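Coordinate inspection notes
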Amino acid sequence: MSEELNGKGILKGLGVTLKRFLATYWDDIKWLGRRYRTAEGISHRSSKDARGIFTIQYPEEKLPPPEEFRFVPFLVYEEKEDGSREIRCTSCGICSKVCPPQCIWIVRTVDPATGRPRPEPAEFYIDIDICMNCGFCAEFCPFDAIKMDHDYELAVYDRRQNVYGLEKLLKPVSYYAQIRPLNNAREEEARRIKASTRPPAFVTGEKE
Amino acid sequence: MSENELNSPGYDIPPELQGQVAITTLDRLYNWGRRSSVWPLMFGLACCAIEMIVSQASRYDLSRFGMEVMRPSPRQSDLLLISGTVTKKMVPLLVRLYNQMPEPKYVVAMGACASGGGPFKEGYNVVSGIDRYLPVDVYIPGCPPTPQALINGLIRLQEKIDKQSIKQVPWYRKEPIEAIPIPILGPDLIDPRKIPQIKNRKAQEG
Amino acid sequence: MTTAAPHDVPHTVQAGTPDLAARFPGLVAPDERSGYSGWIVTADHLVQVATALRDEFGYDLLSSVTGVDYLPEGKMEVVYHAFKTTGGPGICFKVQTGRDDPQVPSLVSVYPGAELQEREAWDLLGIKFTGHPDLRRILMWEGFNGHPLRKDWQEPYYEDEAKPFKSRSPEGHVYRFEDRNPFGDNVRYPEDFDPEKWTPENPEDLLYKSLKTYQAESPDGIETDHIVVNMGPQHPSTHGVFRFVVALDGEKIVNLKPVMGYLHRNHEKIGERNTYLMNMPYTDRLDYLSPMSNNFAYALTVEKLMGITPPERAEYIRVIMAELTRIANHCMCIGSLLNDLGAFFTPMIYLLEERDLILDVFEATAGSRMMVNYFRFGGVARDIPEDALEKIKGLAFERLPRILDEMDRLMSENEILRARGIGQGVLTAEDAIRYSATGPLLRGSGVPYDIRRADPYSIYDRFEFDIPVGKNGDIYDRYIIRLEEMRQSVRIIQQALKQMPEGPVMVGKPQYQFRPPVGESYGRVEGPKGELGFYIVSNGKPTPWRYHVRAPSFINLTAFGPMCVGQKVADTVAILGSIDIVLGEVDR
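What counts, and where the lines are drawn
- Residues numbered from 1 in each chain as written.
- Chains lettered and ligands numbered in written order.
- Predicted model: local features only at pLDDT ≥ 70, side-chain atom pairs only at ≥ 80, totals over all residues.
- Heavy atoms only, no water.
- Helix = DSSP H or I, 4+ residues; strand = E, 2+ residues; numbered from the N terminus.
- Rg over C-alpha atoms; globule rule 2.2 N^0.38 Å.
- Buried < 20%, exposed > 50% of the residue type's maximum accessible area, 1.4 Å probe, protein only.
- Patch = residues over 30% accessible without salt bridge, like charges linked within 9 Å, V, L, I, M, F, W, Y side chains within 5 Å.
- Areas by Shrake-Rupley, 256 points an atom, 1.4 Å probe, with all protein chains shown as cover.
- Salt bridge = Lys/Arg side-chain N within 4 Å of Asp/Glu carboxyl O.
- Pairing = 2+ DSSP bridges.
- Axes fitted to C-alpha atoms, helices over the stretch in contact; angles between N-to-C directions.
- Contact = heavy atoms within 4.5 Å.
- Buried area = accessible area lost by both parts, 1.4 Å probe.
- Polar contact = N/O pair within 3.5 Å; in protein donor to acceptor, adjacent residues only side chain to side chain.
- Phe/Tyr/Trp six-rings, centres within 6.5 Å; stacked < 30°, edge-to-face > 60°.
- Domains from an automatic or database assignment.
- pLDDT = per-residue confidence, 0-100.
- Core = buried A, V, L, I, M, F, W, Y, C linked by side-chain atoms within 4.5 Å.

1. A few points about the overall build of chain A
- The helix and strand inventory of chain A stands at eight helices and seven strands.
- Taking 17 Å as the expected radius of gyration for a compact globule of 208 residues, we find that chain A reaches 26 Å, considerably beyond that expectation.
- Expressed as lengths along the three principal axes of its C-alpha atoms, the size of chain A is roughly 90 × 40 × 35 Å.
- A buried classification covers 48% of the 208 residues belonging to chain A.

And the structure:
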């Protein structure tokens with residue numbers, strides 16, 4: 001090496017580190033009391049102006065997941081006024097067809113009286129140990145019945161619990177509206193338009 | 001350990017001593033020390049390893065849990081974080097790493113692949129979950145689990161450590177802890193524990 | 001040659017590519033299968049034709065070598081894609097052979113960059129390359145039963161030829177694969193296999209034998225033994241489960257062999273069972289540090305096959321996302337390179353902060369930090385939300401330029417980085433091309449070859465940006481190039497944000513079933529690590545017949561051994577860090 005090793009470069013670098021170090025205190029003082037454990041502070045710490053302490057102190061404070069965030073899927077059900085629930089899923093099987101690792105199993109309900117299939121799932125399983133959180137099932141579901149969850153705190157001690165059945169997958173539509181308000185509003189709107197432009201089947205006698 | 005916990009050990013403190021002495025059980029003290037200094041093995045397998053590195057970095061900062069000391073040697077670590085797809089080619093080395101770790105040791109399966117094969121489960125070179133070979137303490141679902149999900153899993157592990165008792169833990173017993181037999185790479189992966197079964201396959205199938 | 005393809009993709013002799021049939025009458029024939037292009041060379045004359053291609057026609061960069069198993073025709077085919085480093089379209093040539101004992105002459109003597117790729121074709125398809133200097137298995141272990149990518153080879157958990165599997169609905173009673181295997185595990189043994197009589201051949205023997213093939217120097221006439229050191233797969237500096245074996249003379253490296261496959265997740269075999277769309281989320285897991293680029297390359301390849309183009313706005317979104325990915329990837333790369341050089345964690349942590357801010361954008365747009373699954377054939381999955389767009393603007397116009405200057409001040413003049421980087425791990429321009437290196441590794445050696453400029457795809461011809469090149473081809477040059485590339489990416493993002501039109505982000509309605517016409521397609525992008533290519537053969541079914549990934553990290557590793565010879569053992573980690581590999585892509 002011909003160039004001089006005078007340590008200037010190292011000092012220059014240390015200057016950057018020192019500046020960053022001081023910025024920590026500067027920001028803490030500037031944001032006194034509002035920087036930690038407030039929604040405002042969290043959003044500031046993940047904005048373009050973030051500097052100083054960058055840490056999100058999980059579990060005391062949590063990063064708010066963006067609307068499109070996806071973890072494992074869940075099934076949406078409508079809450080009826082009489083307390084019963086109506087599952088949106090019609091067990092058409094599209095989600096299990098598009099699922100890349102094929103982790104969705106659906107058993108269709110068969111009407112015991114007629115022996116013909118009814119549009120609701122008798123059993124619905126998702127193997128969380130295979131699921132790759134890709135979101136195709138939610139994207140291609142024609143009934144808005146399967147959606148991607150925001151809940152990521154799912155660690156367990158026994159992995160036999162990781163095959164989710166209907167009971168674990170079902171969540172009310174109010175929960176869905178809460179985690180994905182924009183998506184829900186858009187879908188509600190689309191359903192409303194569809195319902196208003198097409199006359200109900202029993203009036204015209206048409207069958208779909 | 002919070003103040004509240006320290007002052008309510010489950011033993012009666014005479015009224016005149018309350019607020020002046022702290023009583024705890026040996027178990028609690030011991031577990032408090034252990035849970036706050038879990039050192040993971042510096043070892044990443046696949047995609048999940050990146051999320052593991054990110055949770056070590058400043059945004060999620062695992063040192064808040066005393067887990068920032070990632071040791072590159074298994075001899076110095078307490079926690080084996082299986083962060084990614086375990087392949088058949090890798091499994092003998094993983095088992096060896098586990099055997100080299102001193103007790104007490106914990107295994108966390110991070111992500112779908114480590115727990116059960118994940119999206120690659122059907123592949124010919126993928127092990128369907130590390131729990132076929134190693135005892136796993138906590139499974140964290142997700143593909144990959146976000147750093148917050150990983151920390152959530154590690155908190156679960158701390159809760160598990162809290163429940164252990166010196167009297168029952170296997171590493172203070174007289175009986176030696178058997179090492180896990182290391183799988184062999186043959187025409188396919190051979191688990192030494194299953195050799196008789198492989199040999200008797202014909203009889204079983206018939 | 002006439003166009004037999006039903007779509008307007010150039011499948012004939014392209015303008016600017018030579019007519020090989022005229023140059024080698026009788027030895028080379030045009031590939032006239034419908035939807036195919038390129039030339040079929042007779043096996044005996046392959047080396048002759050390849051030499052002429054390299055020397056007469058200037059196709060100096062052999063990009064991709066792969067095999068295809070045409071089971072119904074009873075043929076094996078080896079497909080080569082070669083390009084000129086001066087730019088322009090590439091040329092594709094093929095060799096056909098029988099399935100029973102497929103033998104093809106090796107091209108390592110003409111293009112040394114074929115070495116690892118031919119080994120892979122041998123390992124996975126069982127094609128023997130005669131004259132290959134070191135033909136061993138590469139991804140599986142020595143002694144493994146069969147060649148898994150052959151179409152008649154079935155894995156233990158085999159369920160059906162193609163997805164979706166019929167057992168999932170409407171009578172989908174849940175089960176786990178392992179419950180159906182007699183051993184309760186993902187294994188299958190040959191019929192006559194008896195574990196007690198079986199004597200394991202040490203899979204490492206061949207490796208050590210091949211390590212010993214160097215010419216031992218003994219200037220003073222004294223014979224010295226060389227020490228063999230294994231690094232990895234569990235090693236903090238190998239960036240994952242990569243392993244290499246070095247033979248040392250004192251501290252000097254006399255030979256180095258990479259060993260890989262510890263993360264071989266059967267991407268291609270699974271990909272040949274998936275439908276076209278299903279492969280999209282799997283590509284995220286190839287190079288998991290730059291998922292948007294992987295999506296990009298795969299979407300381009302399939303779109304080429306189907307002859308669709310995405311709408312304007314989608315093109316801009318794609319470019320923005322791909323460049324953000326490049327920045328995120330280089331953050332990680334520079335951080336870990338500096339880590340390997342002893343700058344423990346400070347640069348890494350600073351740069352990971354920026355990466356996290358970029359991942360926040362991905363999370364808000366695509367839904368996931370790493371496994372984005374964002375591109376679709378004919379567009380992207382959804383528009384960028386308002387708040388994410390604001391974030392990108394903040395990053396591109398304010399934060400990233402400032403931080404990059406700060407990082408430059410922090411690191412570039414650091415004496416330790418310069419002492420350990422300048423003049424170390426040198427790869428000359430000629431060697432880089434010979435070893436098929438691409439990306440920052442090639443540009444660091446002074447070859448201004450960037451696919452975004454050399455063979456522009458998508459809308460890259462609309463942006464102004466520079467291609468930084470190095471002078472010496474050493475570690476420091478590769479570092480400085482990456483820093484400069486991040487600046488150029490910021491420039492591209494700024495231009496794209498200004499020009500981006502309103503409009504749809506997807507052609508037509510989202511659909512999940514695609515049936516591209518019969519044919520082949522090779523699509524490539526300039527990924528953060530180099531040329532990322534996909535080679536897809538379609539037989540008109542919803543699943544690809546052949547799905548091959550030309551992974552830059554994997555092929556760049558061909559140059560790793562030659563670069564390290566003569567260096568000190570401590571430099572290997574820095575050299576490896578400067579190549580920038582990701583094991584998900586190396587092993588696939």
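2. Considering a nonpolar patch on the surface
- A cluster of nonpolar residues, L18, F21, L22, Y25 and I29 of chain A, forms a patch on the protein surface that exposes about 540 Å² of accessible area.
- With respect to the element layout, F21 of chain A can be found in helix α1 (residues 8-30).

3. Side note on the pairing of strand β14 (residues 530-538) of chain C
All names here are of chain C.
- Taken across its nine residues, β14 has nine buried, putting it largely inside the fold.
- Bridge count between strand β13 (residues 519-527) and β14: nine bridges; the pairing is antiparallel. Residue pairing in the sheet places E520 in a bridge with V537 of β14.
- Inspection of the sheet shows β14 paired to strand β15 (residues 546-550) by five bridges, in the antiparallel sense.

4. Notes on the sheet that holds strand β5 (residues 91-98) of chain C
All names here are of chain C.
- Strand order in this open sheet of five strands is β1-β2-β5-β4-β3, and the pairing throughout is mixed. Because the sheet does not close on itself, it has two edges, and the strands there are β1 (28-30) and β3 (61-70). Averaged over all pairs of adjacent strands, the angle between their axes in this sheet comes to 25 degrees, without regard to strand direction.
- The sheet contact formed by β1 and strand β2 (residues 39-41) spans three bridges and is antiparallel. Each residue of the ladder has a partner; that of V28, found in β2, is V41.
- Across the sheet, helix α2 (residues 46-55) lies against β1, β2, β4 (75-83) and β5, angled at about 175 degrees from β5, the strand it touches most.
- Along the sheet, helix α3 (residues 115-125) contacts β3 and β4; its crossing angle with β3, the most-contacted strand, is approximately 10 degrees.

5. Points about the interface of chain C and chain A
- Every contact between the two is made by 60 residues of chain C and, on the other side, 48 residues of chain A.
- The junction of chain C with chain A conceals about 4,800 Å² of combined surface from both sides, 56% of it contributed by carbon and sulfur atoms.
- Interface area lost by chain C to chain A is led by R168, E415 and Y512 of chain C, which between them contribute 15%.
- For R159 of chain A, the salt bridge is made with E178 of chain C, and the minimal N-O distance between the two is 3.5 Å.
- On the surface where chain C and chain A come into contact, there are 24 residue pairs in polar contact (both at pLDDT 80 or more).

6. A word on the packing of aromatic side chains
- This structure, assessed with the given rule, holds 39 aromatic pairs over all chains.
- Between W105 of chain A and Y175 of chain C, the ring centres sit 5.8 Å apart and the planes meet at 75 degrees, which makes this aromatic pair edge-to-face. With one member in each of two chains, W105 of chain A in strand β3 (residues 104-110) and Y175 of chain C in the loop between β7 (128-130) and α4 (177-180) form a pair that bridges those chains.
- Judged by its relative accessible area of 1%, W105 of chain A is buried.
- On the basis of relative accessibility, which here comes to 11%, the residue Y175 of chain C falls in the buried class.
- With a centroid separation of 5.7 Å and an interplanar angle of 90 degrees, the aromatic rings of Y298 of chain C and Y547 of chain C are classed as edge-to-face.

7. A closer look at the sheet that holds β14 of chain C
Residues and elements named next belong to chain C.
- Taken in spatial order, the three strands of this open sheet run β13-β14-β15, and their pairing is antiparallel. Single-partner strands in this sheet number two, and they are β13 and β15. Strand after strand, the sheet turns through a mean of 10 degrees between neighbouring axes, direction not considered.
- Sheet strands in contact with helix α8 (residues 291-306) are β13, β14 and β15, and its direction is about 150 degrees off that of β13.

8. Notes on the domain arrangement of chain A
- Under the domain assignment used here, chain A contains domain 1 (1-62) and domain 2 (73-204).
- Here the C-alpha centroids of domain 1 of chain A and domain 2 of chain A sit 44 Å apart.

9. Some words on the interface of chain C and chain B
- Taken together, the contacts link 64 residues of chain C with 54 residues of chain B.
- Across the interface of chain C and chain B, roughly 5,600 Å² is buried in total on both sides, 61% from carbon and sulfur atoms.
- The three residues of chain C that bury the most area against chain B are W141, F183 and Q234 of chain C, which together make up 13% of that side's buried surface.
- The tally of links from chain C across to chain B stands at seven salt bridges.
- Notably, a salt bridge pairs R59 of chain B with D356 of chain C, separated by 3.6 Å at the nearest N-O pair.

10. Notes on the side chain of N556 of chain C
- Checked against the element boundaries, N556 of chain C lands in helix α17 (residues 552-556).
- Discounting chain neighbours no more than four positions away, the residues touching N556 of chain C are S436, A437, T438, L441, K529 and I579 of chain C.

11. Some words on α3 of chain C
Residues and elements named next belong to chain C.
- Where burial is concerned, most of α3 is hidden: 11 out of the 11 residues are buried.
- Restricting attention to buried positions, one finds in α3 the residues E115, L116, Q117, E118, R119, E120, A121, W122, D123, L124 and L125.
- G126 sits one or two residues past α3 and shows a positive phi near 75 degrees.

12. A look at the pattern of salt bridges
- Considering all chains together, one arrives at 86 salt bridges over all chains under this definition.
- Residue R487 of chain C is joined to E484 of chain C by a salt bridge in which the shortest nitrogen-to-oxygen separation is 3.3 Å. Of this pair, R487 of chain C and E484 of chain C both sit in helix α16 (residues 475-499), three residues apart, which is roughly one turn of the helix.
- For R487 of chain C, a relative accessible area of 23% translates into the label partly exposed.
- Members of the salt-bridge network, linked through shared partners, are D129 and R159 of chain A, K121, D131 and R132 of chain B together with R176, E178 and D179 of chain C.

13. With respect to the confidence of the model for chain C
- Here chain C averages 88 in pLDDT, while 96% of its residues score no lower than 70.
- Note that pLDDT drops below 50 for residues 1-11 of chain C; the model gives that stretch 22 contacts with residues more than four away or on any other chain.

14. Some details on the pairing of strand β4 (residues 117-127) of chain A
All names here are of chain A.
- Pairing of β3 with β4, which is carried by seven bridges, proceeds in the antiparallel orientation. In the sheet register, R108 faces β4, and the bridge partner there is P121.
- By the bridge criterion, two bridges tie β4 to strand β6 (residues 163-164) in an arrangement that is antiparallel. What sits directly across from D127, in β6, is V163.

15. Notes on the nonpolar core
- By size, the foremost hydrophobic cluster in this structure holds 237 residues, and its most contacted members are Y80 and F93 of chain C.
- At 15 residues, helix α9 (residues 312-340) of chain C tops the list of elements feeding residues into this core.
- A domain split of this core shows at least three residues from each of domain 1 (1-62) and domain 2 (73-204) of chain A.
- In terms of nonpolar packing, the next biggest core, distinct from the first, is built from 59 residues, I126, C137 and L166 of chain A together with A149 of chain B among them.

16. A few points about the environment of N6 of chain A
Residues and elements named next belong to chain A.
- Note on placement: N6 falls in the segment before α1.
- Owing to a relative accessible area of 43%, N6 belongs among the partly exposed residues under this scheme.
- Within the structure, the side chain of N6 is placed 3.2 Å from the backbone nitrogen of K8, a separation counted as a polar contact.

17. Looking at the environment of F554 of chain C
Residues and elements named next belong to chain C.
- Following the sequence through the fold, F554 ends up in helix α17.
- Along the backbone, F554 and L583 are 29 residues apart, and their C-alpha atoms lie at a distance of 8.3 Å.
- Beyond its immediate stretch of four places on either side in the chain, F554 contacts L116, Q117, E120, I138, M260, E585, V586 and R588.

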